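Tertiary structure, described
Here is what each chain is made of, one letter per residue.
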Amino acid sequence: ALVTTKEMFEKALKSDFAVGAFNVNNMEIIQGIVEAAAEEKAPLILQVSAGARKYAKPAYLMKLVEAAILDTGLDICLHLDHGEDFEICKKCVDDGFTSVMIDGSKHPFEENIRLTKEVVEYAHAHGVVVEAELGKLAGVEDNIKVDQKAATYTDPEEAAEFVERTGVDSLAIAIGTSHGAYKFSGDPSLDFERLKKIHEMIPNTPLVLHGASTVLPEFVDKCNAYGGSIPGAKGVPEDMITEAAKHGICKVNIDTDLRLAMTAEVRKYLQENPSDFDPRKYLGPARDAIKAMVQHKIKNVLKASGQ
Ligand SMILES: O=C(COP(=O)(O)O)N(O)CCCCO
Ligand code: NA
Ligand SMILES: [Zn+2]
């Protein structure tokens, strides 16, 4: 069935695992993710960005997710990722999403609170949970671009006041991650002291980690070996994600690692099979690459198998 994150986050908050939140844009990506979660018997969040809604059209995405539930019997949370304003959050609540993010992190504190409260009121009235964000990620991804200098990490005291005043169900925090494939110029590092302080201040609030892709070197190399050019791409080491799940992180957002796995496979197939032109010949292996990546994340990083 379509479920909220309530139950899965309650469990994740008192355990050392986190729930994977994987971005979806088309049928093969959804199929690969869902097959992996079904095999790992793991809780699952499928998340849709504004860009994905424009690309695939809302009706297609909704029906594909309903089909996934019909096909597997899985409980799936359908979540709006980075909702920019009340309108898109309302639209997704009305469309049947079970969770929405209102990302007010670019606004001043009081405006972020006002906007988040407005969404919480509407969403809760319809049985939908809300994720908000406090603190700014850096990095570039789709239309999410924050100038490095303006990137400010989450303040633990502000986080406590924010949650108290908004009634939000989960909170995305900034502790050093950023969106996309170029997360660190130097050595990767997360501010674990800050994470522990935030978790201490709001122990009952599930925390969300954005920009949590690892950008695994093997997939960067594979992309580059078959015509790609993404030198210097770097993400968050997987052991840091596993560690963060022990200190309040309940939801881990992964998009870039899926993109790299899928793209590497397609580049490889097209380069090795110049005479083929049946899309199933490369979208099939792409789907398998997504499934393998998600299974790896669930099993070895998020530790969410069988949860
Ligand atoms: O936090 C993330 C994913 O971060 P990452 O780029 O590390 O996979 N997201 O919210 C997905 C970004 C949607 C726009 O592309
Ligand atoms: Na956890
Ligand atoms: Zn994000």
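Our subject is the structure listed above.
In this report, the structure presented in the accompanying data block is examined. Here the structure is a predicted model, which means the values were calculated and not measured. (Residues numbered from 1 in each chain as written. Chains lettered and ligands numbered in written order. Predicted model: local features only at pLDDT ≥ 70, side-chain atom pairs only at ≥ 80, totals over all residues. Heavy atoms only, no water.)

To continue, consider the coordination of the zinc ion (ligand 3). For the zinc ion (ligand 3), every protein donor is listed as His82 (NE2), His179 (NE2) and His210 (ND1), and the spread of their distances is 2.0 to 2.2 Å. Along the chain, the residues that donate to the zinc ion (ligand 3) are spaced as H-x96-H-x30-H. Within this pair, whereas histidine 82 is found in strand S3 (residues 76-83), its partner histidine 179 is found in strand S9 (residues 178-179), the two being separated by 97 residues in sequence. This pair shows no difference in class: histidine 82 is buried, exactly as histidine 179 is. (Donors = N, O, S within 2.8 Å, 3.2 Å for Na, K, Ca; no water. Helix = DSSP H or I, 4+ residues; strand = E, 2+ residues; numbered from the N terminus. Buried < 20%, exposed > 50% of the residue type's maximum accessible area, 1.4 Å probe, protein only.)

Right, let's get into the sheet that holds strand S2 (residues 44-49). Taken in spatial order, the eight strands close into a barrel running S1-S2-S3-S4-S5-S8-S10-S11, and their pairing is parallel. When the angles between neighbouring strand axes are averaged without regard to direction, this sheet yields 25 degrees. For S3 and strand S4 (residues 99-102), the ladder comprises three bridges, and the chain directions are parallel. Each bridged residue has a counterpart across the sheet, and for histidine 79 the counterpart in S4 is serine 99. The sheet strands contacting helix H4 (residues 58-72) are S2 and S3, and the helix crosses S3 at an angle near 155 degrees. (Pairing = 2+ DSSP bridges. Axes fitted to C-alpha atoms, helices over the stretch in contact; angles between N-to-C directions. Contact = heavy atoms within 4.5 Å.)

In this section: the coordination of the sodium ion (ligand 2). Protein coordination at the sodium ion (ligand 2): the donors are Ala12 (O), Ser15 (O), Phe17 (O) and Ala245 (O), at 2.4 to 2.8 Å from the metal. Counting gaps between the donor residues of the sodium ion (ligand 2) yields the pattern A-x2-S-x1-F-x227-A. Taken together, the residues span a long stretch of sequence, with phenylalanine 17 in the loop between helix H1 (6-13) and strand S1 (19-23) and alanine 245 in the loop between helix H10 (238-244) and strand S11 (249-254) at a distance of 228 residues.

Below, the discussion takes up the packing of aromatic side chains. Inspection of every chain in the model, using the stated rule, returns two aromatic pairs. Seen from their ring centres, phenylalanine 86 and tyrosine 122 are 5.8 Å apart, and the 80 degrees between their planes marks the pair as edge-to-face. With a gap of 36 residues between them, phenylalanine 86 in helix H5 (residues 86-95) and tyrosine 122 in helix H6 (residues 109-125) connect regions that are remote in the sequence. Considered together, phenylalanine 86 and tyrosine 122 belong to a single accessibility category, that of buried residues. Note on phenylalanine 109 and phenylalanine 162: the rings are 6.3 Å apart at their centroids and 50 degrees apart in plane angle, and the pair reads as tilted. In this pair, phenylalanine 109 is assigned in helix H6 and phenylalanine 162 in helix H7 (residues 156-166), connecting sequence segments 53 residues apart. When its relative accessible area of 0% is taken as the criterion, phenylalanine 162 is described as buried. (Phe/Tyr/Trp six-rings, centres within 6.5 Å; stacked < 30°, edge-to-face > 60°.)

Note that soluble globular proteins tend to have their nonpolar side chains buried in a common cluster. In terms of nonpolar packing, the biggest core is built from 100 residues, with Phe22, Ile33, Leu46, Ile76, Val100 and Leu171 touching the most fellow members. Not counting chain neighbours up to four residues away, the residues in contact with phenylalanine 22 comprise Ile33, Leu44, Ile45, Leu46, Gln47, Ile254, Leu258, Val294, Lys297, Ile298 and Leu302. (Core = buried A, V, L, I, M, F, W, Y, C linked by side-chain atoms within 4.5 Å.)

This part takes up the site of ligand 1. Around ligand 1 sit 18 residues, and of these Asp81, Lys183, Ser213, Asp255 and Thr256 come closest. One of the side-chain N or O atoms of aspartate 81 is found 2.7 Å from an oxygen atom in ligand 1. A total of 410 Å² of accessible area belongs to ligand 1 in isolation, and the protein chains cover 99% of it. For the shell around ligand 1, the per-class residue count stands at three nonpolar, nine polar and six charged. (Near = heavy atom within 4 Å. Polar contact = N/O pair within 3.5 Å; in protein donor to acceptor, adjacent residues only side chain to side chain. Areas by Shrake-Rupley, 256 points an atom, 1.4 Å probe, with all protein chains shown as cover. Nonpolar A, V, L, I, M, F, W, Y, C, P; charged D, E, K, R; others polar.)

Another point: the environment of isoleucine 69. Along the chain, isoleucine 69 turns up in helix H4. With residues up to four places along the chain from it excluded, the contact list for isoleucine 69 reads Ala1, Leu2, Leu74 and Ile76.

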